[in-house]
Amino acid sequence: MMRTYAGHSTAEKSNELYRSNLAKGQTGLSVAFDLPTQTGYDPDHVLAHGEVGKVGVPVSHLGDMRTLMKGIPLGEMNTSMTINATAAWLLALYIVAAEEQGVPASKLQGTTQNDIVKEFLARGTYAFPPEPSMRLIADMIAYTVTEVPRWNPINICSYHLQEAGATPVQEIAYALSNAIAVLDAARERVSQELMGKVFARMSFFVNAGVRFIEEHAKLRAMAILWEQIGRERYGVEDPKHLLFRYGVQVNSLGLTEQQPENNVQRIVLEALAVTLGRNARARAIQLPAWNEALGLPRPWDQQWSLRIQQVLAYETDLLEYPDIFEGSKVMDGLVEELLEGARAEMAVVAEHGGAVEAVAYMKAALVDSHRERIRRIETGEQVVVGLNRFTETEPSPLASGEDGGILTVDPGVEEQAREAIARWRAERDQAAVDRALAELARVAADPSENIMPATIAAARAGATTGEWAQTLRDVFGEYRAPTGVGEATAGAGGRGQVELDEVRESVEELSEQLGRTLKILVGKPGLDGHSNGAEQIAVRARDAGMDVVYDGIRLTPAQIAKSALDEGVHVIGLSILSGSHRELIPAVMDALREVGVDVPVVVGGIIPEADVEPLKRCGVAAVYTPKDFDLTRIMGDIVALVARAHDVPVAALRA
């Protein structure tokens, strides 16, 4: 199955992109939804500002799903939807849209990611607390196993764990512990006779990094452990049910902004990890584009990624032989090493009460692992070509066009979406929507009932994504996941410690002159849940001796401004990776001025060069992008900014 992860701007534009990709030889759809859709907000909600259509397609109601799938035969298509907190809702919209095409739910094929524990740990698009979130997943599994039997109701997603810093052992252990928590919840909703089918519909979505021999061993180890779990814990006996079924997107964490053309060979090598050995080969592959460290890929960039798969599949002899690693002493030894480490780490998670109860433990462990990865890159122990070695380069012609080598979403998309949802609400049968949402609330309050029928009825009636989610928020409550920053251990010594000690000395000197410890607020405005960078900045600032205020993700500009005022911070660091910086950063600056906070503001994220000067004109003091990998140097810059703002000389900085 060949896919590209795609969707942006509007349902109409995304539909055009899907049909174009299918015409080029893509064999399945992989739908990227925008952040409001993923987190359960309509385009006119305050938290949706700046985020509509940026990292995916907005789907606010049945009309959007109809448009998104127009002309695509859903009875024949295999559709993967990267959706978690609102997975039940998006599947309901897909089921009703298929019905309108004359396709019964029993014929639908595809996958909803639906992995909420991973969202608590790594990606941040959660909406409800852990217990009701797990109930939603279990209800979807119980419903689909009989009503949509060809659908994968969950895709345990270790991909984002690696993006958050997981080692191979952690990726195996946390993903499989998560799967056990889901299966235990599902077992309470279905009979034992159905557990084999439930187990068979569990799929995985994994990451494959550039150390592709180790990555292949990881997948062989996961397959061995998965079969063992099925047989021993759930009594599954059918060999077909016990297969480890996974799709993959190769690593985006290792893509570089510097010399971005190097990303192409990285992607090819990473694809080998999941294709070389037949006994552990991926069922479906989607490859990132070479320019994802710069911004949104264009259709041509996605075509290039598709062509990489097609060359591997049709021009090489990769698929023609039995498993080429069978009998390899090197591979067998590496697999055994990973099995031993993963079993030990799974035991630790079990001691914490299982994956749901162990979220705080796993989050802190991931923050620590990611910090260690960054330290290795900073010190040169881990070579990244073009980033910390072989940095001399010719200008890249790939990124030199008028568009900067990326796709820019029309800023008018958000206003269009606001107008469109207002029309949808005005033209629908409001009484029918009210009845459907009231029934949804009743079912949600009764844990003995399955929530899927009421969800499908609400989709059919014309409810919106925000209305469905708000109804459940009213019943289930809301939740803020742990950040892992407070629990992270102190930084290790070794190479790089001298530089950190120098920054700590400057922090101490400046703090003495300020009369209190230098305090930084690290803020995540908007709906961007990719918090890895913000967490590492917060941890490094703490290790440098600063007081750190970090409240996690999903904050409005007004909330950030109030926190800055209440905490009396000396500097603010804002992190945005969703492309919404052009709207949200000025909004934060305005909010700070309104409450009278006048401190230096620095911004980090995936920010095109063309946007740097506009951000500085609106008052931002410094902008950092993925090329700025030396966090200790950034800490030194921040100390200097605060010193200048207070007109205070710092001897340690001059030295």
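Read on for a plain summary of the structure. (Residues numbered from 1 in each chain as written. Predicted model: local features only at pLDDT ≥ 70, side-chain atom pairs only at ≥ 80, totals over all residues. Heavy atoms only, no water.)

The next point concerns the environment of Met-77. With respect to the helices and strands, the residue Met-77 is situated in the loop between helix H3 (62-68) and strand S4 (78-82). The class for Met-77 is buried, based on a relative accessible area of 9%. Residues Met-77 and Pro-626, 549 residues apart in the sequence, show an inter-C-alpha distance of 36 Å. In this structure Met-77 touches Leu-22, Thr-27, Gly-28, Leu-29, Ile-72 and Gln-109, once residues within four positions along its chain are discounted. (Helix = DSSP H or I, 4+ residues; strand = E, 2+ residues; numbered from the N terminus. Buried < 20%, exposed > 50% of the residue type's maximum accessible area, 1.4 Å probe, protein only. Contact = heavy atoms within 4.5 Å.)

This part covers helix H11 (residues 262-273). For H11, spanning twelve residues, the distance from its first C-alpha to its last is 18 Å, which sits close to the expected 16 Å at 1.5 Å a residue. Where H11 is concerned, the buried positions are Asn-262, Asn-263, Val-264, Arg-266, Ile-267, Glu-270, Ala-271, Leu-272 and Ala-273. Its buried side turned inward, H11 meets strand S8 (202-208), helix H10 (212-234), strand S9 (246-250) and helix H12 (299-314). (Expected span 1.5 Å × (residues − 1).)

Attention shifts here to the pattern of salt bridges. Scanning the entire structure with this criterion turns up 38 salt bridges. Close ionic contact of Glu-119 with Arg-123 constitutes a salt bridge, the shortest N to O distance being 3.3 Å. Of this pair, Glu-119 and Arg-123 both sit in helix H5 (residues 116-123), four residues apart, which is roughly one turn of that helix. Relative accessible area serves as the criterion here: at 5%, Arg-123 is assigned to the buried category. Here Lys-363 ties to Glu-535 by a salt bridge, and the two come within 2.7 Å at their closest N and O atoms. Of this pair, Lys-363 sits in helix H14 (residues 359-379) while Glu-535 sits in helix H20 (residues 532-543), and the two are 172 residues apart along the sequence. Overall, the relative accessible area of 3% leaves Lys-363 in the buried class. For Glu-535, a relative accessible area of 4% puts it in the buried group. (Salt bridge = Lys/Arg side-chain N within 4 Å of Asp/Glu carboxyl O.)

All right, on to empty space enclosed by the protein then. Taken as a whole, this structure holds four cavities of 30 Å³ or more when the rule is applied. Estimated volume of the largest cavity: approximately 120 Å³. Ala-481, Pro-482, Ser-531, Glu-535 and Ile-553 are the residues nearest the centre of the largest cavity, which is lined by 18 residues in total. Tallied by class, the residues present in the lining of the largest cavity amount to eight nonpolar, five polar and five charged. Of the voids in this model, the second largest cavity is the one considered here, and its volume is about 70 Å³. In terms of lining, the second largest cavity is formed by Asn-84, Ala-85, Ala-87, Ala-88, Asn-114, Asp-115, Ile-116, Phe-128, Ser-133, Leu-136, Ile-137 and Met-140. Counting residues per element, the ones that place at least two in the lining of the second largest cavity are helix H4 (87-100) and helix H6 (130-147). With four residues, the single largest contributor to the lining of the second largest cavity is H6. Here the residues of the lining of the second largest cavity are counted per class, giving eight nonpolar, three polar and one charged. (1 Å grid on protein atoms, 1.4 Å probe; cavity = no way out; pocket = protein on both sides within 12 Å on 5 of 7 lines; lining within 4 Å. Points joined across faces, edges and corners; volume = space filled by probe spheres on them. Nonpolar A, V, L, I, M, F, W, Y, C, P; charged D, E, K, R; others polar.)

Another aspect to go through is the packing of helix H8 (residues 168-187) against H10. Where H8 contacts H10, the two axes come as close as 10 Å, and the packing angle between them is 25°. Relative to H10, H8 is oriented roughly parallel. The way H8 lies across H10 gives a crossing that is right-handed. Here Pro-168, Glu-171, Ile-172, Ala-175, Leu-176, Ala-179, Ile-180, Leu-183, Asp-184 and Arg-187 of H8 come into contact with H10, specifically with Glu-214, Glu-215, Lys-218, Ala-221, Met-222, Leu-225, Trp-226, Ile-229, Arg-233 and Tyr-234. Residue composition of the contact of H8 with H10, grouped by class: 13 nonpolar, no polar and seven charged. (Axes fitted to C-alpha atoms, helices over the stretch in contact; angles between N-to-C directions. Parallel < 35°, antiparallel > 145°, perpendicular 65-115°, else oblique. Left-handed = near helix turned anticlockwise from the far one by under 90°.)

With that settled, the discussion passes to the layout of surface pockets. Taken as a whole, the second largest pocket holds about 760 Å³ of empty space. Lining the second largest pocket we find 29 residues, and of these Met-134, Ile-180, Ala-181, Asp-184 and Ala-185 sit closest to its centre. Among the elements of the structure, H6, H8, H10 and helix H13 (329-351) are those that each provide at least two residues to the lining of the second largest pocket. A per-element tally of the lining of the second largest pocket places H6 first, with six residues.

Moving on, we get to the side chain of His-370. You can see His-370 is positioned in helix H14. Using a relative accessible area of 5% as the deciding quantity, one classes His-370 as buried. Discounting chain neighbours no more than four positions away, the residues touching His-370 are Glu-163, Ala-164, Gly-165, Leu-253, Asn-532 and Gln-536.

Functional significance is not addressed by these values, which are geometric in nature.
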